[in-house]
Structure formats: structure tokens, C-alpha cells
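Chains, contacts and geometry: an overview
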Amino acid sequence: MEGMQAYGAGKAGGAFDPVTFFQQPQTILRIVSWLFSIVIFGCIANEGYINRPNEVEEYCIFNRNQNACNYGVFMGSMAFLCCIAFLALDVYFPQISSVKDRKKAVLADVGLSAFWSFMWFVGFCFLANQWQVTKLEDNPLKEGGDAARAAITFSFFSIFTWAGQSFLGFQRYKLGADSALFSQEYTDPSQDAAGAPYTSFGGDDLESPEGGGAVGQANSDGAFDGTGGYQRQDY
């Protein structure tokens, strides 16, 4: 019974082990995705806007398309926050005692991770296409080229890190769904015992041996009413 787990975590109330937590594949993927989002956001925000030598206003390095840079910055910042939220949920997850709440958390993990994987696929295709059609005269000094390629590369890697999180979340869901121990709500046995009526051991309808009741009552009355006294036996 102690070895059984509900959706990848044991019984609620256990002590948090940071070493075991950071060694889990799901935690590693979340941290890697978090780092990738920082790289993408930082590359586009810092070096993603350039201008021609004869211009003052800066434009997006990806084919002067502001939507491309806005998409990368927005996705990077939101993925950063989402990774932090998921890491906090993983820390709190073993403390959730309700199996239904655990199921909702795991399903949310599967759905959102798959969503982010798809969005990074769209972002990779969008940024790669806009970078491919960028004109050389828009950036004659080739400024920010390394940052643009880094954003595209880590967008591609993010597809697989988020897909891996979705896959691991689905494995946790199957672990909980296939477990017969957690298929029903848990009921404390002590509460069932407390609700049951108390029954005496002997019972009121216990019949005494034949004639034993009257003899026992007489002996008892004679012993304790003070009238019987001591009877001398004649030999």
C-alpha cells in the first residue's frame, strides 16, 4: 500500500526532498524550457531591433516585421512565467490530498505543455521564414545576426522540451488512471468505526444456564443483605 502512488506522487504530507525533486526528468525539462525562454526573450529584446545607417527609428531584425519580434518577446516572457508556475505546482503537488485535484493538475499540465509545444512550432516557422526573407540592405552591417539565429534555434529546441513535458504528464495521468487504489475516494476507517452503533459484548438477551439465574440471585441476596449470616455446618 505504501508503494502505491496517485498520479506520480505518494500520500500527502510527506517531506519535500529537493535532491529527488531536481533529479526528476520533468523538473529538468521545465528548467531547460525556462532557460530557453530567457534566451529567446533576451536575444530579441536586446538585439532584435536595428536601424539603417541613415535612419533613426529601429525596426525588427526579422524582415522589419514588428509582429515577428513581438511574437518572440511575448512567447518568451509568457513561457518564462509558465515554467515558474509549473515548478511551483510540482513542489506543491505531493501535498494535494484530493485525487480529483491531482487529476485536474495533471490534465492541465498535459494540455498546456502540448499547447506551448505547438506555439513554439509556430514561432519557429514564423521567425525562420522572416529571417530567410530579410533583405541585406536592411542590415548592411549584419548587426544582431547571432541573436536572431539563437532565437530561432532555441525556439526549435523548445518544441521538444515542451513536448517532453506533455509526454511525461500523460504518463503520470496513465499511472493515476490505471491505479485501482485511487479509482475511488478514500474513506478513513476510523470514521466508519465511529459512526457504527456500540454493541455490548454479552447482550441483553443472553440466556443463563438452566436454573442458574435463580440460584445465583438467591446466593447473591443472601450474601449481601446481611440476613443470611454465617451458617455452621454439622459434621
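What you see as residue numbers is a count from 1 along each chain, following the sequence as written. Predicted model: local features are reported for residues with pLDDT of at least 70 only, side-chain atom pairs are reported and counted for 80 or more only, and whole-chain, interface and lining totals are derived from all residues. Derived side-chain values reflect all non-hydrogen atoms in the structure, with water molecules and hydrogen atoms excluded from consideration.

Note on conventions: DSSP H or I runs of at least 4 residues are helices, E runs of at least 2 residues are strands, and numbering of each starts at the N terminus. With respect to the helices, strands and loops of the structure, R64 is situated in the loop between β2 (59-60) and α3 (66-92). Sequence separation between R64 and G48 is 16 residues, and the spatial gap between their C-alpha atoms is 9.8 Å. Beyond its immediate sequence surroundings of up to four residues, R64 is in contact with R52, E55, Y59 and D138. Here, residues are in contact when the closest pair of their heavy atoms is within 4.5 Å.

In this description, the term disulfide denotes a pair of cysteine sulfurs within 2.5 Å. A complete count under the given rule lists 1 disulfide for this structure. C60 shares a disulfide with C69; S-S distance 1.9 Å. The disulfide joining C60 to C69 has a torsion of about 85 degrees about its S-S bond and is therefore right-handed. Each member of the pair C60 and C69 is classed as buried. Per-residue accessibility, obtained with a 1.4 Å probe over protein chains only, is compared with the maximum for each type, and a residue is labelled buried under 20%, exposed over 50%, and partly exposed between these values.

Here is the rule: rings of Phe, Tyr and Trp (six-membered ring for Trp) pair when centre to centre is within 6.5 Å. Planes less than 30 degrees apart are stacked, more than 60 are edge-to-face, and the remainder are tilted. Taken as a whole and judged by the stated rule, the model has 13 aromatic pairs. For the pair F115 and W116, a centre-to-centre distance of 6.1 Å together with 70 degrees between the ring planes defines the contact as edge-to-face. Here the aromatic cluster, defined as three or more aromatic residues joined through ring pairs, consists of F36, F124, F154, F156, F157 and F160. Across from the ring centre of Y59, 3.8 Å away, lies the NZ or CZ of R64, which sits over that ring. The ring of F93 carries R172 above its face, with NZ or CZ at 4.6 Å from the centroid. Here, over-ring charges are defined by two tests on the NZ atom of lysine or the CZ atom of arginine: distance to the ring centre within 6 Å, and angle to the ring normal within 35 degrees.

The next point concerns the packing of helix α2 (residues 25-47) against helix α4 (residues 99-132). With axes taken as lines fitted to C-alpha atoms, and helix axes fitted only over the stretch in contact, angles between N-to-C directions fall between 0 and 180 degrees. At a closest axis distance of 14 Å, the pairing of α2 and α4 adopts a crossing angle of 35 degrees. The two elements α2 and α4 cross, and the hand of that crossing is left-handed. Residues Q26, R30, I40 and I44 of α2 form the contact with α4, whose own contacting residues are D109, S113, W120 and L127. Split by residue class, the contact of α2 with α4 holds 4 nonpolar, 2 polar and 2 charged. Throughout, a crossing is termed right-handed when the near helix is turned clockwise from the far one, and left-handed when it is turned anticlockwise from it by less than a right angle. Amino acids are sorted into nonpolar (Ala, Val, Leu, Ile, Met, Phe, Trp, Tyr, Cys and Pro), charged (Asp, Glu, Lys and Arg) and polar (every other residue, Gly among them).

A few words now on α3. The first and last C-alpha atoms of α3 sit 39 Å apart over 27 residues, in line with the 39 Å expected at 1.5 Å per residue. Taken together, the buried positions of α3 are occupied by A68, C69, Y71, G72, M75, G76, A79, C82, C83, F86, L87 and D90. Here a polar contact means two N or O atoms within 3.5 Å. Within protein one must be a hydrogen donor candidate and the other an acceptor candidate, and residues neighboring in sequence count only if both atoms are side-chain atoms. Among the residues of α3, the N-terminal cap falls to N65, whose side-chain oxygen and the backbone nitrogen of N67 are separated by 3.0 Å. To estimate how far a helix should extend, the number of its residues minus one is multiplied by 1.5 Å.

Okay, α2 next. Taking 1.5 Å per residue as the helical rise, α2 with its 23 residues ought to reach 33 Å, and the 33 Å between its terminal C-alpha atoms agrees with that figure. Of all the positions in α2, only Q26, T27, R30, S33, F36, S37, I40, G42, C43 and I44 are classed as buried.

Attention shifts here to the pattern of salt bridges. We define a salt bridge as a contact between a side-chain nitrogen of Lys or Arg and a carboxyl oxygen of Asp or Glu at a distance within 4 Å. Counted under the stated rule, the structure contains 6 salt bridges. Residue D90 is joined to R30 by a salt bridge in which the shortest nitrogen-to-oxygen separation is 2.5 Å. A residue pair is termed long-range when its members are at least 10 positions apart, and D90 in helix α3 and R30 in helix α2 qualify at 60 residues. Judged by its relative accessible area of 11%, D90 falls in the buried class. Between D109 and R30 there is a salt bridge whose closest N-O contact spans 2.7 Å. A residue pair is termed long-range when its members are at least 10 positions apart, and D109 in helix α4 and R30 in helix α2 qualify at 79 residues. Of the two residues examined, D109 and R30, each falls in the buried class.

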